[in-house]
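Close look at the chain arrangement
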Amino acid sequence: MNLVIKRIKLYARLTLFVALVLVVAAVVFKNRNHQVTVWFFKTYESINVLWFMTCTAVGAMVSWWLLTTTFGVWRDMRDVHRATELKRTEDELRRRADDIAAAEKRIDRKIKDAIADESDNQE
């Protein structure tokens, strides 16, 4: 049963791929002689539609790549900031724990000294 499902998925994807290639070929074939006037901060006259579509597609892919890269860098910066804050907090907690441990040692020493003095006074 599993092999049948894999085979169906394979043929469905192959059919979709062939259909996509045929659509792209039809668009290229039908637009091979068309010209267009485009304004992109300047008027460009009689540009082949296929070149215009190619440039638009490349521009969209580059824009998408820049956008995802920017979001990735932003996320990495946020992660680094969080890690820095976490390390700072851990260092602060460690310092406080060391201070408390030192205070406990002083108190224990004072108590031991007081007990020793008390036992010396009783003798």
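This section reports on the structure supplied with the text. (Residues numbered from 1 in each chain as written. Predicted model: local features only at pLDDT ≥ 70, side-chain atom pairs only at ≥ 80, totals over all residues. Heavy atoms only, no water.)

**Observations regarding the overall build of the protein chain**
A count of helices and strands for the protein chain gives two helices and two strands. The N-to-C order of helical and strand elements in the protein chain reads α-β-β-α. Relative to its length of 123 residues, the protein chain is extended, with a C-alpha radius of gyration of 37 Å against a globular reference of 14 Å. With respect to the three principal axes, the spread of C-alpha positions in the protein chain is 115 × 60 × 10 Å. (Helix = DSSP H or I, 4+ residues; strand = E, 2+ residues; numbered from the N terminus. Rg over C-alpha atoms; globule rule 2.2 N^0.38 Å.)

**Focus on the pattern of salt bridges**
Per the counting criterion, the structure on display carries six salt bridges. R88 is the salt-bridge partner of E85, the closest N and O atoms lying 3.1 Å from each other. Note that E85 and R88 are positioned in helix α2 (residues 49-122) at a spacing of three residues, about one turn of the helix. (Salt bridge = Lys/Arg side-chain N within 4 Å of Asp/Glu carboxyl O.)

**Description of the packing of aromatic side chains**
What the rule picks out here adds up to two aromatic pairs. On the basis of an interplanar angle of 50° and a centroid distance of 5.5 Å, the ring pair of W39 and F41 is categorised as tilted. Where F40 meets F41, the ring centres are 5.1 Å apart and the plane angle is 70°; that geometry is what we call edge-to-face. The exposure class assigned to F41 is exposed, which follows from its relative accessible area of 69%. Pairwise contacts between aromatic rings join W39, F40 and F41 into one cluster. (Phe/Tyr/Trp six-rings, centres within 6.5 Å; stacked < 30°, edge-to-face > 60°. Buried < 20%, exposed > 50% of the residue type's maximum accessible area, 1.4 Å probe, protein only.)

**Digging into the layout of surface pockets**
Of the volumes computed, that of the largest pocket is approximately 160 Å³. Taken together, V38, F40, I47, W51, F52, C55 and T56 make up the full set of residues lining the largest pocket. Counting residues per element, the lining of the largest pocket draws most heavily on α2, at four residues. The class makeup of the residues in the lining of the largest pocket is six nonpolar, one polar and no charged. (1 Å grid on protein atoms, 1.4 Å probe; cavity = no way out; pocket = protein on both sides within 12 Å on 5 of 7 lines; lining within 4 Å. Points joined across faces, edges and corners; volume = space filled by probe spheres on them. Nonpolar A, V, L, I, M, F, W, Y, C, P; charged D, E, K, R; others polar.)

**Things to note about α2**
For α2, which comprises 74 residues, the first-to-last C-alpha distance of 108 Å matches the rise-based estimate of 110 Å (1.5 Å per residue) to within 8%. Of all the residues in α2, the buried ones are V49, L50 and G72. Of the surrounding elements, those touching the buried residues of α2 are α1 (2-30), β1 (35-39) and β2 (43-48). Looking at where α2 begins, the residue whose side-chain oxygen comes 2.9 Å from the main-chain nitrogen of L50 is N48. (Expected span 1.5 Å × (residues − 1). Contact = heavy atoms within 4.5 Å. Polar contact = N/O pair within 3.5 Å; in protein donor to acceptor, adjacent residues only side chain to side chain.)

**Here's the deal with a nonpolar patch on the surface**
A surface patch of nonpolar side chains, about 700 Å² in accessible area, is lined by L10, Y11, L14, F17, V18, V21 and L22. By secondary structure assignment, the location of V18 is in helix α1. (Patch = residues over 30% accessible without salt bridge, like charges linked within 9 Å, V, L, I, M, F, W, Y side chains within 5 Å. Areas by Shrake-Rupley, 256 points an atom, 1.4 Å probe, with all protein chains shown as cover.)

**Quick word on the pairing of β2**
Sheet topology note: the β1/β2 ladder contains four bridges and is antiparallel. Each residue of the ladder has a partner; that of W39, found in β2, is T43. Taken together, β1 and the strand that follows it, β2, pair antiparallel across an intervening segment of three residues, in which F41 is found at a positive phi of about 60°. (Pairing = 2+ DSSP bridges.)

Treat this as a map of the structure, not an account of what it does.
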